[in-house]
Amino acid sequence: MAGTNRRYVRSKAKSWALGVSSTGKEQIAVSFLLPADPGLELGERHLAWYGYFTDATAERTIESLRCMGFEGDDLTQLEGLDKNEVELVIEDEEYEGHLNEKIQFINKAGGAMVKTPLVGEKAASFAAQMKAKFRAFDAGNGKRTTKPAAAAKPAAGGPIGDEPPPLADADIPF
């Protein structure tokens, strides 16, 4: 049952090798040490990820190698591949009647990330659009809606949180 029991594990590359698959495709195998997972009754173990260099897969393989810490462009000199902790996306995959763990993706380790952050006016506009949906949801679930609190004003000296300061006319490049 591919796609079942998805989990995320942080680790660093422990060993690696270039090779050719049984179908004749160039590949890299990277081994990771996974910690014990008592909830799944799994002890500490090594698990390999295989990246391929076909026209369809080379870009994602290179992205994964960069996440791990490889900065060069010569695959015979893979120094630094064990530099960064990465987040492994692991799923169970059925193979010859047995479920086996498989590393599906290697991602940069970090907090919550989005491709395009909503900030400033765009964030405020979206939040305003969603208020009615939140209130309808709460009302439908028996929660009493309350009068919204007055918006907090930013303290003098800058924006709140990670929001960038508003742009001035001189900041616009056109």
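Data block above holds the structure.
Predicted model, so just to flag it, every value in this text is computed and none were measured. (Residues numbered from 1 in each chain as written. Predicted model: local features only at pLDDT ≥ 70, side-chain atom pairs only at ≥ 80, totals over all residues. Heavy atoms only, no water.)

*Asks:* How should the overall build of the chain be read in this particular structure?
*Replies:* Looking only at helices and strands, the chain features 2 helices and 6 strands. Along the chain, helices and strands appear, N-terminal first, in the series β-β-β-β-α-β-β-α. Looking at the chain as a whole, 21% of its 174 residues qualify as buried. Relative to all contacts within the chain whose residues are 6 or more apart in sequence, the contacts with residues 24 or more apart total 43%. Entry remark: accessible area of the chain is about 13100 Å², with carbon and sulfur atoms responsible for 55%. (Helix = DSSP H or I, 4+ residues; strand = E, 2+ residues; numbered from the N terminus. Buried < 20%, exposed > 50% of the residue type's maximum accessible area, 1.4 Å probe, protein only. Contact = heavy atoms within 4.5 Å. Areas by Shrake-Rupley, 256 points an atom, 1.4 Å probe, with all protein chains shown as cover.)

*Asks:* Teacher, can you tell me more about the sheet that holds strand β4 (residues 45-52) here?
*Replies:* If you walk across this open sheet you meet the 3 strands as β2-β3-β4, and the pairing is antiparallel. Whereas interior strands pair on both sides, the edge strands pair on one side only; in this sheet they are β2 (13-20) and β4. For this sheet, the mean angle separating the axes of adjacent strands, direction not counted, is 20 degrees. Note: strand β3 (residues 26-34) against β4, 8 bridges, orientation antiparallel. Across the sheet, F32 pairs through a bridge with L47, a residue of β4. Contacts between helix α1 (residues 58-68) and the sheet are confined to β2, β3 and β4, with β4 contributing the most and set at about 135 degrees to the helix. (Pairing = 2+ DSSP bridges. Axes fitted to C-alpha atoms, helices over the stretch in contact; angles between N-to-C directions.)

*Asks:* Whenever I open this one, the pairing of β2 confuses me. Can you help?
*Replies:* A regular strand carries its side chains on alternate faces of the sheet. The pairing of β2 with β3 spans 7 bridges and is antiparallel. Within β3, the position partnered with V20 by the bridge is E26. Linkage of β2 to β3, two consecutive antiparallel strands, is achieved through a turn of 5 residues, within which G24 is found at a positive phi near 85 degrees.

*Asks:* I keep staring at the environment of I103 and nothing clicks. Help me out?
*Replies:* Here I103 is to be found in strand β6 (residues 98-108). Note on I103: relative accessible area 4%, which makes it buried. Linking I103 and L88, residues 15 residues apart in sequence, is a C-alpha distance of 6.3 Å. Beyond its immediate sequence surroundings of up to four residues, I103 is in contact with F32, L47, A48, W49, L88, V89 and I90.

*Asks:* What is the right way to look at the pattern of salt bridges in this model?
*Replies:* Oppositely charged side chains can form a pair if their charged atoms are brought close together. Evaluated as defined, the whole model comprises 8 salt bridges. Between E91 and R6 there is a salt bridge, and its shortest N-O distance comes to 2.5 Å. In this pair, E91 sits in strand β5 (residues 86-95) while R6 sits in strand β1 (residues 4-11), placing the two residues 85 residues apart along the sequence. Assessed through its relative accessible area of 42%, R6 is described here as partly exposed. One continuous salt-bridge network, built from bridges that share partners, spans R7, R45, D92 and E101. (Salt bridge = Lys/Arg side-chain N within 4 Å of Asp/Glu carboxyl O.)

*Asks:* Honestly, unusual backbone geometry in this entry has me stumped. Any pointers?
*Replies:* Excluding glycine, residues mostly have negative phi values, and the peptide bonds linking residues are mostly trans. Although it is not a glycine, E96 sits at a positive phi angle of roughly 50 degrees. For E96, the location among the structural elements is in the loop between β5 and β6.

So far we have only geometry, and geometry alone does not tell us how the molecule works.
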